[in-house]
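Reading the structure
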Amino acid sequence: MKTTQLLHRLVPALAASALLAYGSMTAAQAAAPVTRVRATIDKVNADNLEVSARGGKKMTLKLAPDLTLFSVSHAAIGDIKSDSFIGTAAVPLPDGSLKALEVHVFPAGMKVGEGHYAWDLGKNSSMTNGTVGDVVVTSGRTITVKYPDGEKKIVVPADVPIVSLNKGDRSLLVPGAHGVFFVGKGADGSDVVGRATVGVNGVVPPM
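Residues numbered from 1 in each chain as written. Predicted model: local features only at pLDDT ≥ 70, side-chain atom pairs only at ≥ 80, totals over all residues. Heavy atoms only, no water.

Brief notes about the overall build of the protein
Rules: Helix and strand assignments come from DSSP, with helices taken as H or I runs of at least 4 residues and strands as E runs of at least 2, each series counted from the N terminus. Think of it in three bands: residues with accessible area under 20% of the maximum for their type are buried, residues over 50% are exposed, and the middle band is partly exposed, with areas taken using a 1.4 Å probe on protein chains only. We call two residues in contact whenever any of their non-hydrogen atoms come within 4.5 Å of each other. The protein chains shown are the only cover counted for residues, whose accessible areas, like all others here, come from Shrake-Rupley with a 1.4 Å probe.
Scanning the protein for helices and strands turns up 1 helix and 12 strands. The helix and strand sequence of the protein, counted from the amino end, reads α-β-β-β-β-β-β-β-β-β-β-β-β. Counting only residues that meet the buried cut, the protein has 40% of its 207 residues in that class. A sequence separation of at least 24 residues applies to 59% of the contacts in the protein between residues at least 6 apart. Roughly 11,600 Å² of accessible area belongs to the protein as shown, and the carbon and sulfur atoms make up 57% of that amount.

Points about the packing of aromatic side chains
The line we're drawing: Note on ring pairs: Phe, Tyr and Trp rings are taken, using the six-membered ring of Trp, and paired if centres are within 6.5 Å. Classes follow the plane angle, with under 30 degrees stacked, over 60 edge-to-face and the rest tilted. Charge-over-ring contacts are defined here by two conditions on Lys NZ or Arg CZ: a distance within 6 Å of the ring centre and an angle within 35 degrees of the ring normal.
On inspection of all chains with the given rule, the structure shows 2 aromatic pairs. On the basis of an interplanar angle of 55° and a centroid distance of 5.4 Å, the ring pair of Phe85 and Phe106 is categorised as tilted. With a gap of 21 residues between them, Phe85 in strand S4 (residues 85-92) and Phe106 in the loop between strand S5 (98-105) and strand S6 (115-118) connect regions that are remote in the sequence. In this structure, Phe85 and Phe106 share a single accessibility class: buried. Plain terms: the ring middles of Tyr117 and Trp119 are 6.5 Å apart, the flat faces sit at 55° to each other, and that makes the pair tilted. Across the ring face of Trp119, the terminal group of Arg36 is positioned such that the distance to the ring centre comes to 3.7 Å. Here the guanidinium or amino end of Arg195 rests over the ring plane of Phe182, the centre of that ring lying 3.9 Å away.

Digging into the pattern of salt bridges
So the rule is basically this: When a carboxyl oxygen of Asp or Glu lies within 4 Å of a side-chain nitrogen of Lys or Arg, that pair is called a salt bridge.
With the rule as written, the count across this model stands at 4 salt bridges. Asp120 is the salt-bridge partner of Arg36, the closest N and O atoms lying 3.1 Å from each other. Taken together, the residues span a long stretch of sequence, with Arg36 in strand S1 (residues 35-44) and Asp120 in the loop between S6 and strand S7 (126-136) at a distance of 84 residues. A relative accessible area of 38% places Asp120 in the partly exposed class. One salt bridge connects Asp120 with Arg38, and the closest N-O pair in it is separated by 2.8 Å.

Thoughts on the side chain of Thr197
By the secondary structure assignment, Thr197 is in strand S12 (residues 191-199). Setting aside chain neighbours within four positions, we find Thr197 in contact with Phe70, Val72, His178, Gly179, Val180, Pro205 and Met207.

Quick look at the nonpolar core
How we decide: Residues grouped as a nonpolar core are buried Ala, Val, Leu, Ile, Met, Phe, Trp, Tyr and Cys residues, joined through side-chain atoms within 4.5 Å.
Ranked by size, the top nonpolar core spans 19 residues in total, and within it Leu173, Phe181, Val193 and Val198 carry the most contacts. Listing elements by their share of this core, those giving two or more residues are S1, strand S2 (48-53), strand S3 (58-74), strand S11 (178-185) and S12. For this core, the element with the most residues is S3, which contributes 5 residues. In this view, Val198 contacts Leu69, Phe70, Ser71, Val72, Leu172, Leu173, Ala177, His178, Gly179, Phe181 and Pro205; residues no more than four positions away in its chain are not counted. Core analysis: the next-biggest nonpolar cluster, separate from the first, contains 15 residues, Ile77, Val145, Val156 and Ile162 among them.

Here we look at the environment of Gly122
Counting through the fold element by element, Gly122 comes out in the loop between S6 and S7. Along the chain, Gly122 and Val91 lie 31 residues apart, while their C-alpha atoms are 8.0 Å from each other.

Looking at the environment of Val155
Within the secondary structure, Val155 sits in strand S9 (residues 150-155). On the accessibility criterion, Val155 (24% relative accessible area) is partly exposed. For the pair Val155 and Ile143, spaced 12 residues apart in sequence, the C-alpha to C-alpha distance is 6.5 Å.

Side note on the pairing of S4
The condition is simple: Only strands joined by at least two bridges in the DSSP assignment are considered to pair.
In terms of burial, S4 is a largely internal element, 7 of the 8 residues being buried. Here S4 runs beside S7; their pairing, made up of 6 bridges, is antiparallel. Looking at S7, one finds that Phe85 is bridged to Thr131. Inspection of the sheet shows S4 paired to S5 by 7 bridges, in the antiparallel sense. Bridge pairing in S5 links Pro92 to Leu98. What sits between S4 and S5 in their antiparallel hairpin is a turn of 5 residues, with Gly96 showing a positive phi close to 95°.

This is a description of form; function is not addressed.
Given below as structure tokens:
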């Protein structure tokens, strides 16, 4: 086989292999896990935060250019109404219902993370984000949360923190503020924050 003929066959094959490898790498990066870092802000710089995570670990978190921020403030059971969109970290009860560890109420018209899935707030904990159906306060603070694949009955004990979320901006990022930072790995191996919920007026995000 002539050299030119060999090259004509070899170059497209190499290009296809490179494209496949690049596609696999991109898919792997897209599927990279996101870690929830619960921390207090120590110092704010132009493009990163220095924080103290739970347990005292010091970390530097790079801020993504498209960073999404939510403020977290105190709320009450009365703020949870039928058709409210909420999230709740919870643990299972023997009767199949869930016992809330916290409840956060989203702004009207906002739906984030809808569904029911595992969470890392405690052993066997889960997160349920959905639309509130029934709300029973007089006989034990029980709510029904509906999402596309089903619904969950949630029991909300009296001592469980309830907070409201609202859209925020980088003015939330001040030393002393407590936050939950959703962190992924940057191309250079740095910890990059793409989304964060940050407490105002000393509130510690309970989720």
